[in-house]
Amino acid sequence: MDLGNQTRFSGFILLGLSEDAELQPLLFGLFLSMYLIAFSGNLLIILVIITDSHLHTPMYFFLSNLSFTDICFTSNVVPKMLLNIQLQNKVITYEDCITQMVFFMFWGDVDNFLLPVMAYDRFVAICHPLHYTVIMNPKFCGLLLLGVWLLSILHTLAHGLLVLQLSFCTELELSHFFCELKQVVQLACSSTFLIDSVTYFVTGFLGVIPLFGIFFSYMKIVSSILKIATAGGKYKAFSTCGSHLSVVFLFYGTGLGVYLSSAATQNSRASAIGSVMYTVVTPMLNPFIYSLRNKDIKQALRKLFS
């Protein structure tokens, strides 16, 4: 079915987290608050890093990109959800649904690839401190970021083109608050064998490789830290990794938890509720993790507000 035929139906219906009318004002207030905190917190991290010359290092360069990605990631989902609650309109057009799904995959991929790059940065800083500035030079950091974006674009493009080949016959309901790839594919009238196969293979591959990279980097980091003679030196080395590790556990822990639980129970509404963790809660918590556990960020914040 071509695109013209696909757009004849009025669109998908996003059922959201709850169909209870009494809960809608509460959900609106809760998600608006979390979104504003996530947006302003990550924007503040970016401003602090840009304005403080002491933070113009590879570590904070990647952190500013992570904050920018989190802003885009949550902004792709939450404003549409808030608008639907406010207008009491759950319909999303085919074009808007595909666009939201594509950008959700893209920004999720950027997050996924940025975290192992940040782990590699900490690996070089702790295991090869004398060569850190030579290895992590601006050109190399730029190439790493370019690689993150290219991989994300290729992965998203592959899935996006496959989704465009699917046919949707009638007005369809999604037990979610945004257009998530798996649920959209499940509602297709045409065969989904190809996209299912590609999704399982590519998602598994792109999920395992970054996790392996993070695991390998921190194995080397822990091995190097244990060789440090003084307790103060060990604490300082561990403290530089603590924030990143917390973000890694939040992102991968919540994301894997949602997908594994949804595969086990096939409960779409439970999956939607779990998705709140990595779409809204994790981007909201990241600025607090980095500002509360990082002395450089705290000093830069004090300088900015003073």
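Predicted model only: the values in this text are computed from it and were never measured.

Reading the values: the criteria
- Residues numbered from 1 in each chain as written.
- Predicted model: local features only at pLDDT ≥ 70, side-chain atom pairs only at ≥ 80, totals over all residues.
- Heavy atoms only, no water.
- Helix = DSSP H or I, 4+ residues; strand = E, 2+ residues; numbered from the N terminus.
- Contact = heavy atoms within 4.5 Å.
- UniProt positions renumbered as here; feature names shortened; annotations may be inferred.
- Disulfide = S-S within 2.5 Å.
- Buried < 20%, exposed > 50% of the residue type's maximum accessible area, 1.4 Å probe, protein only.
- Salt bridge = Lys/Arg side-chain N within 4 Å of Asp/Glu carboxyl O.
- Pairing = 2+ DSSP bridges.

S.K.: Looking at this structure, how should I read the side chain of Thr282?
M.R.: Positionally, Thr282 belongs in helix H11 (residues 268-293). With near-sequence residues (within four places) excluded, Thr282 lies in contact with Leu250, Phe251, Thr254 and Met277.

S.K.: Is there a simple way to explain the UniProt feature "transmembrane region" (unreviewed entry) in the protein chain in this structure?
M.R.: Mapped onto this numbering, the UniProt entry gives "transmembrane region" (unreviewed entry) at residues 26-50, 143-168, 198-216, 237-260 and 272-292. Overall, residues 198-216 shows 100% helix and 0% strand. The separation of its end C-alpha atoms is 27 Å.

S.K.: Looking at this model, I keep getting lost on the state of the cysteines. Mind explaining?
M.R.: Formally, a disulfide is one covalent bond, and it connects the sulfur atom of one cysteine to the sulfur atom of another. Taken as a whole and assessed by the stated rule, the structure comprises 1 disulfide. Disulfide pairing is shown between Cys97 and Cys179; the S-S distance is 2.0 Å. Where Cys97 bonds to Cys179 through sulfur, the torsion about that S-S bond is close to -125°, and the disulfide is left-handed. Taken as a pair, Cys97 in helix H5 (residues 94-127) and Cys179 in the loop between strand S3 (172-174) and helix H8 (181-186) lie far apart in primary sequence, 82 residues in all. Judged by its relative accessible area of 0%, Cys97 falls in the buried class.

S.K.: Teacher, can you tell me more about the pattern of salt bridges here?
M.R.: When charged atoms on two side chains of opposite charge get close, those side chains can pair. Under the definition given, this model contains 2 salt bridges. One salt bridge connects Lys303 with Asp52, and the closest N-O pair in it is separated by 3.6 Å. Of the two residues, Lys303 is situated in helix H12 (residues 295-305) and Asp52 in the loop between helix H2 (24-51) and helix H3 (58-75); the sequence distance between them amounts to 251 residues. You can call Asp52 buried: its relative accessible area is 7%. Linking Asp121 and Arg122 is a salt bridge whose minimum nitrogen-to-oxygen distance equals 2.9 Å.

S.K.: So what exactly am I meant to see when it comes to the sheet that holds S3 here?
M.R.: Strand pairs in the sheet, formed through backbone hydrogen bonds, run parallel or antiparallel to each other. Pairing in this open sheet of 3 strands is mixed, and the strands run S2-S1-S3 from one edge to the other. In the strand order of this sheet, the two ends are held by strand S2 (91-92) and S3, each with one partner. In terms of strand pairing, strand S1 (residues 12-14) meets S2 through 2 bridges, oriented antiparallel. Each residue of the ladder has a partner; that of Ile13, found in S2, is Val91.

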